Amino acid sequence: MDRTTMPLTRAQRVLAGVGGVFFAGLAGLGGYGSFASVRDVAEPWFGAQAWIVPAGVDLGILALVSVALLLEWLAMPMPALRWMAFAFTAATVWLNVSAAHGDITGMVMHAAMPILFITFIEAVRHAIRRRAGIAAGTVREGVPIARWLLAPFSTFRLWRRMILWQITSYPDALQAEQRRRHALALLDDHYGRKWKRKAPADITWMLKDGVMLDQALTRVTDLTTPEPPPPPPAPPQPSAPPKPKKQTVPRSVATDNEARALALIDAEPNITGAELGRRLNISSRQGQRLLSRLSSPAPTS
C-alpha cells in the first residue's frame, strides 16, 4: 500500500497560513490579557520583577510547544514536552482564574483564551503526527463505527489483531480476515466440527492468531484438495483368433493304415506315394508323407 503523503494544494497552504495568522493573534492576545493578571498575582512575591513570571511562563509554553511539534514532524515524539506544556498552560489558567477572586464570569474569561490556545496546538500536533505517521507507515486506520455496531465481537477480534500485528490499513485487515475465514471454512468442510483436533497444530495456531495467513491458506488448500481419481483402465486388447486345431486321425485308423502301408512297401519297394494313397484310400499327399515316414531309417542313439 502506498504510504506517501500528498503535498498540500495551494488552497490548503493558504488556509494553513490564515490559521497560523489567527493562532499568532490568539497567542498574542492571550499573552497580553494574562500578562497583567499574572503579574498582579505574582507581585506580592516578586515585587518589581513580577513581570518575569507571566513572560517566562508564556515563553516557556511557546518553546515547549514548538519543540514538541518539531519532534512530532520528525517522527520522534517526546510526550514529556507535551505534558510539560500542558502543565505550564494549566498554571497560567490557574493564575488567571485566581485573579478573578472567585467571580465566575471573570474565571471563564480568564480561562477561555489559554484553552483555545491548547486546542489549536493539539489540532496542529494531530495533523503533523498524522502526516508523519502516514509517511512512516505507523498510523493505524480506525475501524468504522457501523462495523462495531453490526458485529461487535468479530470487530473486536479484528481490531485486536490490527494492534498486535501492526496492521495499519483497515482494508488490509479486512482482506486478511477474509482469507482466515476462507481457511476455516475449508477445514470445517474437510474435517468437520472438530477440525481443531485433526488439523496440524501450526495451521491451527496461524488461523487462531491471524498470522502468516498466506502460508496458512496455502497449507489448508493442499490438505483439503481431494486427490484426483485414478485413470480409467485401458480397454482390453482384441485377442488373436484361436488357431484351428490340427485334425488328427484316430490312433486305431493310423495304426491300421501304417500296418497296411508297411505291408505294401515290403511287397513293392518301388511303390509311389500316390499309388500308396490310392490303395489306402487316402489322398496322394497323405500317401507321400506316410511313405516318407515309413521309408526313412530309424535314428540311432
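All figures in this text were calculated on a predicted structure; none of them were measured in a lab.

**Student:** It is not clear to me how the overall build of the protein should be interpreted in this structure. Could you clarify?
**Tutor:** Check the secondary structure of the protein and you find 13 helices and zero strands. Counting from the amino terminus, the protein carries its helices and strands in the arrangement α-α-α-α-α-α-α-α-α-α-α-α-α. Looking at the protein residue by residue over its 301 residues, the buried ones come to 27%. Considering only intrachain contacts with a sequence separation of at least 6, the fraction spanning at least 24 residues in the protein is 51%.

**Student:** How do you make sense of the environment of Lys-208 when you look at a structure like this?
**Tutor:** Position of Lys-208 among the secondary structure elements: in helix H9 (residues 201-209). Overall, the relative accessible area of 65% leaves Lys-208 in the exposed class. Here the alpha-carbon distance between Lys-208 and Leu-184, two residues 24 residues apart in the chain, equals 9.5 Å.

**Student:** Help me understand the packing of helix H12 (residues 273-280) against helix H13 (residues 284-295), please; the structure alone is not making it clear to me.
**Tutor:** Working note: a packed helix pair is described by the angle between its axes plus the distance between those axes. Following both chains from N to C, one finds H12 and H13 inclined at 110°, their axes separated by 7 Å at the closest point. Comparing the axis directions of H12 and H13 gives the class roughly perpendicular. The crossing of H12 and H13 is right-handed. The residues of H13 that touch H12, namely those facing Gly-273, Ala-274, Leu-276, Gly-277 and Leu-280, are Ser-284, Gly-287, Gln-288, Leu-290 and Leu-291. A per-class count over the contact of H12 with H13 returns five nonpolar, five polar and no charged.

**Student:** Got a minute to help me understand helix H7 (residues 170-191) in this structure?
**Tutor:** Spacing of three or four residues puts side chains on the same side of an α-helix, whose turn is 3.6 residues. Taking 1.5 Å of rise per residue, the 22 residues of H7 would be expected to cover 32 Å, and the 31 Å separating its terminal C-alpha atoms lies within 8% of that figure. Residues of H7 that are buried: Tyr-170, Ala-173, Ala-176, Glu-177, Arg-180, Ala-183, Leu-187 and Tyr-191. End-on view of H7: buried residues confined to an arc of 140°, all on one side of the axis. Opposite its buried face, H7 presents the exposed residues Gln-178 and Asp-189, each directed more than 90 degrees away. Of the surrounding secondary structure, the elements contacted by the buried residues of H7 are helix H5 (145-150), helix H6 (152-164), helix H8 (195-198), H9 and helix H10 (213-224). Looking one or two residues beyond H7, the residue adopting positive phi is Gly-192, at roughly 95°.

**Student:** Would you mind going over the nonpolar core with me for this structure?
**Tutor:** One broad rule of soluble globular proteins: the nonpolar side chains tend to lie buried together. Within the largest apolar cluster, 18 residues are counted, with the highest numbers of intra-cluster contacts made by Val-53, Ile-61, Val-65, Leu-81, Phe-117 and Ile-121. Of all the secondary-structure elements, those providing two or more residues to this core are helix H1 (10-46), helix H2 (52-73), helix H3 (79-99) and helix H4 (104-136). When near neighbours in sequence (up to four residues on either side) are disregarded, Ile-121 contacts Phe-23, Val-65 and Leu-69. One finds Ala-183, Tyr-191, Leu-207 and Leu-217 within the second-largest nonpolar core, a separate group that totals 14 residues.

**Student:** I'm lost on unusual backbone geometry in this one. Help?
**Tutor:** In most cases, non-glycine residues show a negative phi, while peptide bonds are predominantly trans. A positive phi angle, near 55°, is found at Gln-166, a position not held by glycine. Within the secondary structure, Gln-166 is located in the loop between H6 and H7. The phi torsion at Met-212 lies on the positive side, around 50°, for a residue other than glycine. You can see Met-212 is positioned in the loop between H9 and H10.

**Student:** Whenever I open this one, the environment of Leu-69 confuses me. Can you help?
**Tutor:** Here Leu-69 shows up in helix H2. By relative accessible area, which is 15% here, Leu-69 ends up buried. Sequence-wise, Leu-69 and Arg-82 are 13 residues apart; in three dimensions their C-alpha atoms are separated by 8.8 Å. If sequence neighbours within four positions are ignored, Leu-69 has contacts with Ile-121, Val-124, Arg-125 and Ile-128.

**Student:** For this particular structure, what's the right way to read a nonpolar patch on the surface?
**Tutor:** Together, Val-14, Val-18, Val-21 and Phe-22 make up a nonpolar patch on the protein surface, roughly 400 Å² of accessible area in all. Counting through the fold element by element, Val-14 comes out in helix H1.

**Student:** For this particular structure, what's the right way to read a positive patch on the surface?
**Tutor:** A contiguous patch of positive charge on the surface is contributed by Arg-193, Lys-194, Arg-197 and Lys-198. Mapped onto the secondary structure, Lys-194 falls in the loop between H7 and H8. For Lys-194, a relative accessible area of 54% corresponds to the exposed category.

**Student:** Hey, could you run me through H2 in this one?
**Tutor:** Here H2 contains 22 residues, and its C-alpha end-to-end distance of 31 Å stays within 8% of the 32 Å for a straight helix at 1.5 Å per residue. Those residues of H2 not exposed but buried are Val-53, Pro-54, Val-57, Asp-58, Ile-61, Leu-64, Val-65, Ala-68, Leu-69, Leu-71 and Glu-72. Buried residues along H2 cover an arc of 165° about the axis, so they all sit on one side. The exposed set on the far side of H2, more than 90 degrees from its buried face, consists of Leu-59 and Trp-73. Downstream of H2 by a residue or two, Ala-75 has a phi angle that is positive, lying close to 60°.

Procedures and definitions
Residues numbered from 1 in each chain as written. Predicted model: local features only at pLDDT ≥ 70, side-chain atom pairs only at ≥ 80, totals over all residues. Heavy atoms only, no water. Helix = DSSP H or I, 4+ residues; strand = E, 2+ residues; numbered from the N terminus. Buried < 20%, exposed > 50% of the residue type's maximum accessible area, 1.4 Å probe, protein only. Contact = heavy atoms within 4.5 Å. Axes fitted to C-alpha atoms, helices over the stretch in contact; angles between N-to-C directions. Parallel < 35°, antiparallel > 145°, perpendicular 65-115°, else oblique. Left-handed = near helix turned anticlockwise from the far one by under 90°. Nonpolar A, V, L, I, M, F, W, Y, C, P; charged D, E, K, R; others polar. Expected span 1.5 Å × (residues − 1). Arc of directions from axis to C-beta. Core = buried A, V, L, I, M, F, W, Y, C linked by side-chain atoms within 4.5 Å. Patch = residues over 30% accessible without salt bridge, like charges linked within 9 Å, V, L, I, M, F, W, Y side chains within 5 Å. Areas by Shrake-Rupley, 256 points an atom, 1.4 Å probe, with all protein chains shown as cover. Salt bridge = Lys/Arg side-chain N within 4 Å of Asp/Glu carboxyl O. Lys, Arg positive; Asp, Glu negative; His and termini not counted. Charge placed at Lys NZ, Arg CZ, Asp CG, Glu CD.

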